[in-house]
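Summary of structural features
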Amino acid sequence: FPEGIPECGSDALRFGLLAYTVQGRDVNLDMKRVVGYRLFCNKLWNATKFALQFVSDFQPTANILDELMSSGKMALRDKFMISRLMA
């Protein structure tokens, strides 16, 4: 397919091929699955566009993480996730 696959975009195809890599060396490409990935990528894109309209003027500081952790405004689950990311 030198011109690509019309049913899916390049991001969905990449996502689909990456998802198939955990199964082994053989790839049995299912177009319905790739189209599902296209729909997922579209939702992700729309969610990002929606969120970015509210944070366009956000300017992070060098110690923003420390400020958030000590402010008491973060839920315990958020603190846990950040602690695991920092480990």
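Definitions and cut-offs
Residues numbered from 1 in each chain as written. Predicted model: local features only at pLDDT ≥ 70, side-chain atom pairs only at ≥ 80, totals over all residues. Heavy atoms only, no water. Core = buried A, V, L, I, M, F, W, Y, C linked by side-chain atoms within 4.5 Å. Buried < 20%, exposed > 50% of the residue type's maximum accessible area, 1.4 Å probe, protein only. Contact = heavy atoms within 4.5 Å. Phe/Tyr/Trp six-rings, centres within 6.5 Å; stacked < 30°, edge-to-face > 60°. Helix = DSSP H or I, 4+ residues; strand = E, 2+ residues; numbered from the N terminus. Lys NZ or Arg CZ within 6 Å of the ring centre and 35° of its normal.

Counting five residues, the largest nonpolar core consists of Ile5, Cys8, Ala12, Val34 and Tyr37. Not counting chain neighbours up to four residues away, the residues in contact with Cys8 comprise Leu13, Met31, Val34 and Arg38.

Attention now goes to the packing of aromatic side chains. As enumerated under the stated definition, the model contains three aromatic pairs in all. Between Phe15 and Tyr37 the ring centres are 4.8 Å apart and the planes differ by 65 degrees, which places this aromatic pair in the edge-to-face class. With Phe15 in helix α1 (residues 10-20) and Tyr37 in helix α2 (residues 31-52), this residue pair connects regions lying 22 residues apart in the sequence. Overall, Phe15 belongs to the partly exposed group, its relative accessible area being 34%. Arranged with centres 5.1 Å apart and planes meeting at 75 degrees, the rings of Phe50 and Phe54 form a pair that is edge-to-face. With respect to burial, Phe50 and Phe54 carry one shared label: exposed. The rings of Phe15, Tyr37 and Phe40 are connected pair by pair, giving a single aromatic cluster. When the ring centre of Tyr20 is taken as reference, the NZ or CZ atom of Arg33 above it lies at 4.8 Å.

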